[in-house]
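Coordinate inspection notes
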Amino acid sequence: YGSPVYVKHEVVHNKFVVEDLKRRGAIFIEEIDEIPDGSLVIFSAHGVSQAVRKKAQENRLKTFDATCPLVTKVHIEAKRYSNSGYQLVMIGHKNHPETIGTMGQLPPGEVLLVETVDDVLVLEPKNSEKLAFITQTTLSVDDTLDIAKALKQRFPNIVEPHKEDICYATTNRQNAVKSISPMIEGLLVVGSSNSSNSKRLVEVGKKAGCEYAQLIDSARDIDWRAISGSKVIGLTAGASAPDILINGVIEEFKQKFNAEVEFVEVTTENVYFKIPREIRVK
């Protein structure tokens, strides 16, 4: 389609990916009104509210929906519960674009946000007997379980998702970090500082016993002094970190220390998503 292509929010939370797309002519915006009428806009992987979709239509924008299918699943879930008369509780982070987009699928007040177990204790639903909960897809599995447990204790009849909302890539990476923690002396997580699932990996590593866990955008950010003397370093990455960054870290270790690499795979991922239909038929 050529440039410029407008993108509502960063398409994924990864600095390398975003800067690369900017060089190619992508323009990242936060408000739909920043886009000239009739232009092309991509909705980011985090999803957008119904109000954003309506505004894009009013401004005659050509839209491509890059919402992650796992986020779309949560949107559909929320609407289905609401249509059945349930008020929704969302476990998520306030002001995160995914949370804003998911809560924006329904009218104000129909989705209540909880970030912690303490939030559950002061929750005031319209009808405690007609509640269902959903979650942001990039949360810590363990933290989410604690909040879900608190919700069930306070509201025994609350309905939970038929299938876990947390993204399989997020879950698998967290499990992998837990499995390698006893073997390593430090953990490096390739991912950007605004990536929720990347930050959760650092937290999971620390909780699993890693005394040192660092979030890095690329090999340039490694604090070599902090890991000096270590014999085994764990390496993982956020769900939106491209392979080129991960391989760059591995190559840096090989060049500096003649390092050997061992891959630890806790599960085999075989999920594939189709690109938007509008691009397939172009």
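A short tour of the structure in this document, coming up. Just so you know, these numbers come straight off a predicted model, no measurement behind them. (Residues numbered from 1 in each chain as written. Predicted model: local features only at pLDDT ≥ 70, side-chain atom pairs only at ≥ 80, totals over all residues. Heavy atoms only, no water.)

Brief notes about helix α9 (residues 243-257)
For clarity, the cut-off: A run of H or I in DSSP counts as a helix once it spans at least four residues, and a run of E counts as a strand once it spans at least two, with each numbered from the N terminus. Expected span of a helix, by definition, is 1.5 Å for each gap between consecutive residues, and there is one gap fewer than residues. Two residues qualify as a contact provided that any one of their heavy atoms is within 4.5 Å of a heavy atom in the partner residue.
Along its 15 residues, α9 runs 21 Å from first to last C-alpha, staying within 8% of the 21 Å computed at 1.5 Å per residue. As for α9, its buried residues are in contact with α1 (15-24), β8 (186-190), β9 (213-216) and β10 (233-237). N258 occupies a position one or two residues after α9 and carries a positive phi of about 55 degrees.

Section: the sheet that holds strand β5 (residues 87-91)
Through backbone hydrogen bonds, the strands of a sheet pair up, either in parallel or in antiparallel fashion. Spelled out, the test is: Think of it this way: DSSP has to see at least two bridges between two strands before they count as a pair. Comment: axis = line fitted to C-alpha atoms, over the contacting stretch for helices; angle = value between 0 and 180 degrees taken between N-to-C directions.
Here we have three strands laid out as an open sheet, ordered β6-β5-β7, and parallel in their pairing. In this open sheet, the two strands that pair with only one neighbour each are β6 (111-114) and β7 (131-135). Neighbour-to-neighbour, the strand axes of the sheet open up by a mean angle of 30 degrees, direction not taken into account. Of the pairings in the sheet, the one linking β5 to β6 comprises four bridges and is parallel in character. Considered in β6, the bridge of M90 is made with L113. Across the sheet, helix α3 (residues 69-83) lies against β5 and β7, angled at about 175 degrees from β7, the strand it touches most. Of the strands in this sheet, β5, β6 and β7 touch helix α6 (residues 141-154), which is tilted by about 150 degrees from β5.

A few points about the environment of R154
The line we're drawing: Burial status follows relative accessibility: with a 1.4 Å probe on protein chains alone, a residue under 20% of its type maximum counts as buried, one over 50% as exposed, and anything between as partly exposed.
Relative to the elements of secondary structure, R154 occurs in helix α6. Given a relative accessible area of 37%, R154 falls into the partly exposed group. When the C-alpha positions of R154 and I216 are compared, they lie 39 Å apart, and in sequence the two are 62 residues distant.

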